[in-house]
Every structure is written in C-alpha cells, then in structure tokens.
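Report on the structure
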Amino acid sequence: MAAALSRALKLPGKKGSELGEYDPLTQADSEDESEEDDLVLNYPRNGLGRDGCLGAGSSKLRGGRSGRLVGTDDEAREEEEEDEEEEEDEENEWRERLPSKSRQDRDDAKGTQYWSHRDSARDRGGEDRGGGPGPLGGSGLGVHAADAEEKRLRVKNTVRSAFFLVPLVSAASLVLLCAFLIPCQKGELEKRPQWERALGNAGGVTPPALALWDVDGDSVEDVFLGVTEWTNDTRPTLGNKVYSAVALSAVSGLVLWKKVVRESVMYIQCGLQYSTQPQSPVVLLIGKSVLTAVNGTTGKTLWSCLLKNIESQAVLLPDLQGDSVPDLLIATLPADEKLDLSLTLLSGRTGAKLGHPVPFNLTGQGKLIGPLLHETQQGAYYILFGLGNVEAISLRDLYFRATGKPPITQALRRKDAGWEGLRETNSSSFIHIYRGSDRVDFLLPLVVGLGNNHNSLDMASNFNSSKSDWVLVYGSSKLSVLRQKDIRKEWTFNSGRIRSQPAAGHFNDDGILDLFIQHLANGIMKALVVDGANGHLLWSAEFVCPHLVLETSAISTSTGRSAFLFWASDPITAQKNGTKTTVSPGVAAAEPLIRRLFLLHPAHPTILLELTSTTDTTVTSAVRYQDRQKDASYITVSSRPTPGSVPGARIVKSMSLRAAITKGQIVRLEEGNKPGGPVKPGVFEVNKFFRGLSFKQ
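Here the structure is a predicted model, which means the values were calculated and not measured.

Some thoughts on the nonpolar core
By size, the foremost hydrophobic cluster in this structure holds 37 residues, and its most contacted members are L565, L599, L611, Y634, L657, F690 and F695. What F690 contacts, discounting residues up to four positions off in sequence, is L599, H601, H604, I607, L609 and I661. Of all hydrophobic cores here, the second largest spans 25 residues; its members include L317, L320, L354 and L395.

Pasting the structure below:
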C-alpha cells in the first residue's frame, strides 16, 4: 500500500521497478545494470498494476533481473516485506515534513503526477491508447476532451458558414425575383431599336407626313406616318388609292394602330393634352379639307372639323375660352388667287370654330410663311404670317375680329407698346416684320432641333420657340437673324441659292446658335456653317449633288456642342497639287446615285463620319432621343425603286446613331498634313472620340 501511495504522490521513496519508473533508492544498484534499467524504463506503463497484471510470462520478458525480480518464493516474499516497511517509513517521514498540506493539495499532486506520466508515455510512443484502470481513468479522459474541442470547432465553423451563406442566398434570391417580376419590355428598352418596315407605296419624292411622340408609355417616341396604298398594282389611279395614318412602335416597328381617312394626310401633329385624359395625348391628322383629332393610344376619333383649302399646320395657342385646354389656329388659302388668306380659330377640346375665319388681303406673292405664335418680353401674343412678306397681328385683335368679343383671359388682353409702335398707321391691322423686293423663303424660330419638333403641340416646345429670335432666308441666297425685341437684322450672310431650311446648332463655344445651310449649283452641293453671332463662315465642304435636298438635323451631344447629320454624295476633296477630285457631269447626273449620311462634329471639322449609304431616295427624316441610353435614333422615310411599272415601296427605317457610329467610316476632307500646320488626328484618336460620343435632349 505504501508503495502505491508513494508512486501516486511521486515521493522520493522506492517505486515499483517493474513499472519502469525512476527510484532513487535503487539508483546505485541500477548503475551496474544499465542495460536492464533501460529495458525497465522504456517499457510502457499504460496503467498496469504490480506483478499479476503482467501475467504468467511477465518474468520472462524482463530478462536479466533474476536476482531481484525472479527467484524463489521466499526471497521474493522477504524482499517484498522489506520494501513495504521502507515505504511505510518514508510515507510517515513525508507526512511529518509537510504537515500543512491539505487533502486537496495532495489530490492536485496526484493529478499532476498522472498527467506527467501520461505525457511521458505519449512521448515515448506508447501503443496502447485506451484508458486503464488508473485512478483518473488513464488516457480516456484526453480522448473525451479532444472530442469536445473538435465538436466546439465544428459548431463555430457552422455558425461562420451560416453568417456568410444566408446573406448570399438572400441576395441571389432577390436578384432572381426581380428578374422575373420586371416586365420583359424593360429589357427591350435597353436594346438599341433598329428596324426597317415597308408601308404602302412610294409617292415620288413628295415627303409624307411624319411625326414622333410616345403613346405606348415606353419612354421612347413612336413613329406616326401618312401612308398611301393602291388597291390595283397595275395601273394606279386616283380612284383606287387608300389613305391612312399609321402608328409604329419605336422599339420594334410593329403597327400600334392604323386609321383609314378619306384624303391624303399632309401633316401629323402630336402632344395636345386634355386634363381629363393626361395619359392619352391627342394626335391631329390634317388633310386638305378636314382636320381630325384621334386618341394617340388607340387611334379612335375624338372630333373632326371640316375646312376648305387647309394650307398650314395647326398652331398651338393659349387657352382662349377658359376650359383649361389650349386652342388652335389654322391658315387656309384658296387656290383662286383672287381670294385672300384666312386664319381660323378652333377649340382644342371639341374642334368647333371660334367665331368665323378672318380674311387678310395680302399683296405679296410666294410661299406661305407661318403662321407662328410669338410672345414678346411684355407677355403679349402676336401671330406672324405672310406671302413673300412677313406680317404680324395681335392675338387679341384676331380673337376680337373672329368672335366680336374681347378675350376672356387677362393675359390675352395685353399689348406690347414696342411692337404696336411698328405699325405704319394707327388704322393698319398689320405690323410689318419684313417687307422688301426679295421674297421670303423661310422664317423659323432660332431654336435648336426645331426641324425635328416643329410638328409638336406640347407646351414646352412651343414655349421655347415662341420667345426666340428668327432665322430669315430671303432672296433665295440671303441669310439673316432678326432680333425679336426690335425686329432689326443682327447680320446678313450672302451665299448661293439656299434650297433647304437651315438647321440651328452649337458649332463653336460662344453659346450662340450657329446655322447649317446647303446650296446647289452646277451639280455641286455646298454645305456651310455660319456663325450665329456675326454671320462669319465657320466651315464649308463640297459634295457631288445628291439630286435631292433634305433638311439637316442638329443633335445635342455630351460635349456641349452639336453634331450635324446631312445627306450628300461623294465629297470633293482638295489634292496636294491644288486640284479637286470630282466626277464627270455624266456620272454626276446618272441615276441611281449612292446617297450617304454624314455626321459632322465641330471637334474634328476636317473629318466626316459616314454612317450609312443607300440607293433609295430618302424623302424625309427625323431624330428621336433616348435619354435612358444616352442615344438617338435617326428615322428615315425612303422610296425604294422597283423594276418595271410596279410602284416602289415606302420604306421606314430606324437606326441607332451610337450603333451606326461604331461601324462608320472615316472620310477626310483634306489629304495629308500641311507643312507647319497642325498634325491631323489619327484613326485611333478619331474612333475613340466618336465612339465615346453620347446624345441628349
């Protein structure tokens, strides 16, 4: 018993040699037998008890310790008794030496003794991992502790994984849910709408009615077109023509609705709003003798008004009746020259005539100018119109002459003293805006993009155009800007015969609109940009005449300056020897010509970007903005020739400008670099600039 206690407490007394432990009492004896001691010390303990636990063959395994462990029974018994007595004496001596040690301390010492033996046994590479019958359960306790630690780590890792995976799965589920909930139409809007559609039959080079307005709620302006079809393709006559107005989706080009009318549609205007139907804009279809208002979403007729010899588009006026709906004005001009030009006021809500038409005896000759609405700086409204000359009349006077009553609204009762002072006599009804020997060809507000929005009836577009100065083209070759405050010419520019309406845009950085014009002479088309501030020439180029003149479109870009789109044939470029490359008159006059759509940006004035080319005869065009994509679509209506006597088709095409730019071809107007001059930009630089270009409203 004393020996067992001594082993547990690590007392300095003698320990069982058979357990392979160090015993200071037998150290001297073991020095002579180092080999046997090594065998005893290296033998694994593994919780084995004394003698009997080794089994019958244990003494044989120990080898050369026969004098001490293997002998007669008497010798073993005597030795055992002596050991017990010595251990008992040592235990008593130890207790006397440590009288203050408590039972808990002794238990701690035993525990320390156990773990020390367990670690040393593990270091020696013991093979038996199981718990023995020792006082603390042997190595089994370490196994349970390791299992607990491993379980705790597994729980910790599981929690960490949960914190990572739960937000990830939630975000992925939200994305997938939104992808299924958002309508497919939104995805289509992100695409660049490009399509081509054949509608009806070509009617020569006469431009058909064309307008743009969003009526299906997709934030992109849809296309409205006047269409003419023949029921008999062999010999078309007036008796078998079918006239209609068609609304096409801006995204796909599909027909939204089609309305058959009794006569050809000359003008289509959009944007008139009713307070009772704010989501359904009104579309006006104007023929030669009837004006029809239809629902822009469905094409159903809202009202119609019969007139004779309609000559102009409708002019949007302020509310004349107090019904919160803007009213309209139409000009009629009978074919008989003895009859006078008349202005007719119409109710915007019902189409009913307000009073009777007001005739004017105009002595000038030429094309009809206007009518246009202008609001002066004093807030007074005037109507500009004329034949060859430009006259103005107060809207208050016009309403009084038509109805015999003063205007209901206070705003229409105003007059501008500065404008009233321009009358020749107090009895005269007219205010002379321009009168001269040269007939006026064009008079239009100096507003950017007017050529694309002049057919709109929305308040925003008309508010801008009714407060601006004017561009005046007269004498076929003179260009001037009229100041609206005093009707004086700002400057005058002389050129060749101007064949198309000027386009206003920002070519330089002075913030004043510049003018793009075209004139034709001897099979050559010359394009020019005139400074809007002083009338100086900013840019010019010559091209082979395309035998057809279309209005130029000016488009606002992200650079703050405008890009100009115009149609021409091959450019005539200057060579190093001073000569110009051109084509022979026979080739220039040959048909069909290849007509090219060029883009000019003032950042690179010596370079044009050819966006597309065609042999079709393009007769009209318009520009539609897409603010969401920072893009613009170029809408063209063309006549496509067909062989034989079969009438050609009318082709409507929508082309994304940014997509066309990526495929465009660079055309240089000047060859090579001049000695001492600036270095021409390279192809990479030019492509990088144009592909980074975006468009805005």
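Quick notes on the sheet that holds strand β11 (residues 327-332)
A sheet is described by the order of its strands in space; here four strands give the open sequence β10-β11-β12-β13, paired in antiparallel fashion. Each edge of the sheet is formed by a strand with only one pairing partner; in this case those strands are β10 (315-317) and β13 (358-360). Mean inter-strand twist for the sheet, computed between neighbouring axes without regard to direction, equals 25°. As defined by bridge partners, β10 adjoins β11 across three bridges and the pair is classed as antiparallel. Paired with L316 across the strands is L328, a residue of β11.

Some thoughts on the pattern of salt bridges
Close approach of charged atoms lets side chains of opposite charge pair. For the coordinates displayed, the defined rule picks out 17 salt bridges. Linked through salt bridges whose partners overlap, the residues forming this network are R396, D397, K415, E420 and R423.

A look at the sheet that holds strand β20 (residues 478-482)
Read from one edge to the other, the open sheet built from four strands follows the order β18-β19-β20-β21, with strand pairing classed as antiparallel. A single partner strand is all that each edge strand has here, and the edge strands are β18 (440-445) and β21 (489-494). Pairs of neighbouring strands in the sheet enclose a mean axial angle of 15°, with direction left out of account. The pairing of strand β19 (residues 470-474) with β20 spans five bridges and is classified as antiparallel. The residue of β20 that forms the bridge with L472 is S480.

Some points on the side chain of S500
Structurally, S500 can be placed in the loop between β21 and β22 (503-505). Judged by its relative accessible area of 5%, S500 is buried. In contact with S500, other than residues within four places in its own chain, are F442, Q518, V549 and L550.

As for helix α9 (residues 395-403)
L395, L398, Y399 and A402 are the residues of α9 that are buried. With its buried residues spanning 95° around the axis, α9 presents them on a single face. Buried residues along α9 sit against β10, β11, β12 (341-346), β13, β15 (381-387) and β16 (390-394). Of the residues that open α9, the one with a side-chain oxygen 3.2 Å from the backbone nitrogen of R396 is S394. Of the residues trailing α9, G404 is marked for its positive phi of about 80°.

Focus: a nonpolar patch on the surface
Taken together, the side chains of F164, L165, L168 and V169 define a hydrophobic patch exposed on the protein surface, amounting to about 400 Å² of accessible area. Looking at where L168 falls in the secondary structure, it is placed in helix α7 (residues 140-181).

Thresholds applied
Residues numbered from 1 in each chain as written. Predicted model: local features only at pLDDT ≥ 70, side-chain atom pairs only at ≥ 80, totals over all residues. Heavy atoms only, no water. Core = buried A, V, L, I, M, F, W, Y, C linked by side-chain atoms within 4.5 Å. Buried < 20%, exposed > 50% of the residue type's maximum accessible area, 1.4 Å probe, protein only. Contact = heavy atoms within 4.5 Å. Pairing = 2+ DSSP bridges. Helix = DSSP H or I, 4+ residues; strand = E, 2+ residues; numbered from the N terminus. Axes fitted to C-alpha atoms, helices over the stretch in contact; angles between N-to-C directions. Salt bridge = Lys/Arg side-chain N within 4 Å of Asp/Glu carboxyl O. Arc of directions from axis to C-beta. Polar contact = N/O pair within 3.5 Å; in protein donor to acceptor, adjacent residues only side chain to side chain. Patch = residues over 30% accessible without salt bridge, like charges linked within 9 Å, V, L, I, M, F, W, Y side chains within 5 Å. Areas by Shrake-Rupley, 256 points an atom, 1.4 Å probe, with all protein chains shown as cover.

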